[in-house]
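# Descriptive analysis of the structure
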Amino acid sequence: DTAVSQTPKYLVTQMGNDKSIKCEQNLGHDTMYWYKQDSKKFLKIMFSYNNKELIINETVPNRFSPKSPDKAHLNLHINSLELGDSAVYFCASSQDGPGGRNGYTFGSGTRLTVV
Amino acid sequence: AQSVTQLGSHVSVSEGALVLLRCNYSSSVPPYLFWYVQYPNQGLQLLLKYTTGATLVKGINGFEAEFKKSETSFHLTKPSAHMSDAAEYFCAVSANTGNQFYFGTGTSLTVIP
């Protein structure tokens, strides 16, 4: 069983479209995250939820909206996609909060290409 | 506030040679330190971590790292590189005083046959 699973793995879409990426974890973790990895491999935190409550909301365009229906799921919806949104998006989860000692478990990523 | 610096965005070693990837951190409190590996087209996988106790920590795939408080370093080493070690390596730091977990900018390891 995959611990943190994201779908889809690849997403190619046109500028202006709206798309969603889904994430589910079966680890029983309380905290989930979305990260963006750019072409230089730099990882940037976007959002974090703890037990369905938003706890980290970095400077991200408001076209990006996270939704956590329950603590095992954290989805990312992106409106009006732009070329600059092309990146790999990673979902992650942790047993304790962002500053905890256990580190994060990552999904395998969603490669988003906006054309 | 915490931050992480990885010296050398690209490191090349010959197969069988020592791997040394450098990580320095700044933290106002005792940190938790991590190394992650990212193989091509995959997610990040935890290699090892330091929380408390023994300062030399061993991880998967023969990697180890040593926490040196006086040098604020947590360098990653492996005695003998394999071709399969070619990947991106990320150092990370967190401290249980805030909602933050900082990644370094990554080091790409190339192993030359």
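Just above, that's the structure.
Residues numbered from 1 in each chain as written. Chains lettered and ligands numbered in written order. Predicted model: local features only at pLDDT ≥ 70, side-chain atom pairs only at ≥ 80, totals over all residues. Heavy atoms only, no water.

## Some thoughts on the overall build of chain A
- Within chain A, the secondary structure is distributed over zero helices and eleven strands.
- Along chain A, helices (α) and strands (β) appear in the sequence β-β-β-β-β-β-β-β-β-β-β when read from the amino end.
- Against the globule reference of 13 Å for 115 residues, chain A gives a C-alpha radius of gyration of 13 Å, in line with a compact fold.
- Structurally, chain A occupies a C-alpha span of about 40 × 30 × 30 Å along its principal axes.
- Within chain A, contacts between residues at least 6 apart in sequence are counted, and of these 55% link residues at least 24 apart.
- With the model as given, the accessible surface of chain A reaches about 5,500 Å², and the carbon-plus-sulfur share is 47%.
- Within chain A, the 11 negative side-chain charges are centred at a point lying 5 Å from the centre of the 13 positive side-chain charges. (Helix = DSSP H or I, 4+ residues; strand = E, 2+ residues; numbered from the N terminus. Rg over C-alpha atoms; globule rule 2.2 N^0.38 Å. Contact = heavy atoms within 4.5 Å. Areas by Shrake-Rupley, 256 points an atom, 1.4 Å probe, with all protein chains shown as cover. Lys, Arg positive; Asp, Glu negative; His and termini not counted. Charge placed at Lys NZ, Arg CZ, Asp CG, Glu CD.)

## Considerations on the interface of chain B and chain A
- Every contact between the two is made by 23 residues of chain B and, on the other side, 21 residues of chain A.
- Roughly 1,800 Å² of surface becomes buried between chain B and chain A when both sides are summed, with 51% attributable to carbon and sulfur atoms.
- The tally of links from chain B across to chain A stands at zero salt bridges.
- Across the contact surface, chain B and chain A share seven residue pairs in polar contact (both at pLDDT 80 or more). (Buried area = accessible area lost by both parts, 1.4 Å probe. Salt bridge = Lys/Arg side-chain N within 4 Å of Asp/Glu carboxyl O. Polar contact = N/O pair within 3.5 Å; in protein donor to acceptor, adjacent residues only side chain to side chain.)

## Some points on the pattern of salt bridges
Residue and element names in this part refer to chain A.
- Counted according to the given criterion, the structure contains five salt bridges over all chains.
- With a closest N to O distance of 2.6 Å, Asp30 and Lys71 form a salt bridge. Highlighted residues: Asp30 in the loop between β3 (19-25) and β4 (31-37) and Lys71 in the loop between β7 (64-70) and β8 (73-78), separated in sequence by 41 residues.
- Relative accessible area serves as the criterion here: at 28%, Asp30 is assigned to the partly exposed category. (Buried < 20%, exposed > 50% of the residue type's maximum accessible area, 1.4 Å probe, protein only.)

## Focus on the state of the cysteines
- Tallied over the entire structure, the rule returns two disulfides over all chains.
- Here Cys23(A) is linked by a disulfide to Cys91(A), with a sulfur-sulfur distance of 1.9 Å. Torsion about the S-S bond of the Cys23(A) and Cys91(A) cystine: about -80°, corresponding to left-handed handedness. You can see Cys23(A) sitting in strand β3 and its partner Cys91(A) sitting in strand β9 (residues 87-94), a full 68 residues away along the chain.
- Two residues share a disulfide in this structure: Cys23(B) and Cys91(B), whose sulfurs sit 1.9 Å from each other. (Disulfide = S-S within 2.5 Å.)

## Overview of the pairing of strand β5 (residues 32-38) of chain B
Residue and element names in this part refer to chain B.
- Within β5, seven of the seven residues are buried, which leaves it mostly tucked inside the rest of the structure.
- Burial of the side chains of β5 extends over both faces: Tyr32, Phe34, Tyr36 and Gln38 are buried on one face and Leu33, Trp35 and Val37 on the other.
- Of the pairings in the sheet, the one linking β5 to strand β10 (residues 87-94) comprises seven bridges and is antiparallel in character. The partner of Val37 across the bridge, within β10, is Tyr89.
- Where β5 lies against strand β6 (residues 44-50), six bridges are found, and the strand directions are antiparallel. The residue of β6 that forms the bridge with Trp35 is Leu48.
- The turn linking β5 back onto β6 is made up of five residues, and Asn41 within it adopts a positive phi angle of 60°. (Pairing = 2+ DSSP bridges.)

## Observations concerning the side chain of Gln6(A)
Residues and elements named next belong to chain A.
- Relative to the helices and strands, Gln6 is located in strand β1 (residues 4-7).
- In terms of polar contacts, Gln6 uses its side chain to reach the side chain of Thr110, at 3.1 Å.
- Among residues more than four places away in sequence, those in contact with Gln6 are Ile21, Lys22, Cys23, Trp34, Tyr89, Phe90, Cys91, Gly107, Ser108, Gly109 and Thr110.

## Side note on the sheet that holds β3(A)
Residue and element names in this part refer to chain A.
- The antiparallel open sheet is built from four strands, whose spatial order is β1-β3-β8-β7. Looking along the sheet, the strands with just one partner apiece sit at the ends: β1 and β7. For this sheet, the mean inter-axis angle between neighbouring strands, taken without regard to orientation, is 20°.
- When β3 meets β8, the two strands line up antiparallel, connected through four bridges. Pairing of Ser20 across the sheet is with His77, part of β8. (Axes fitted to C-alpha atoms, helices over the stretch in contact; angles between N-to-C directions.)

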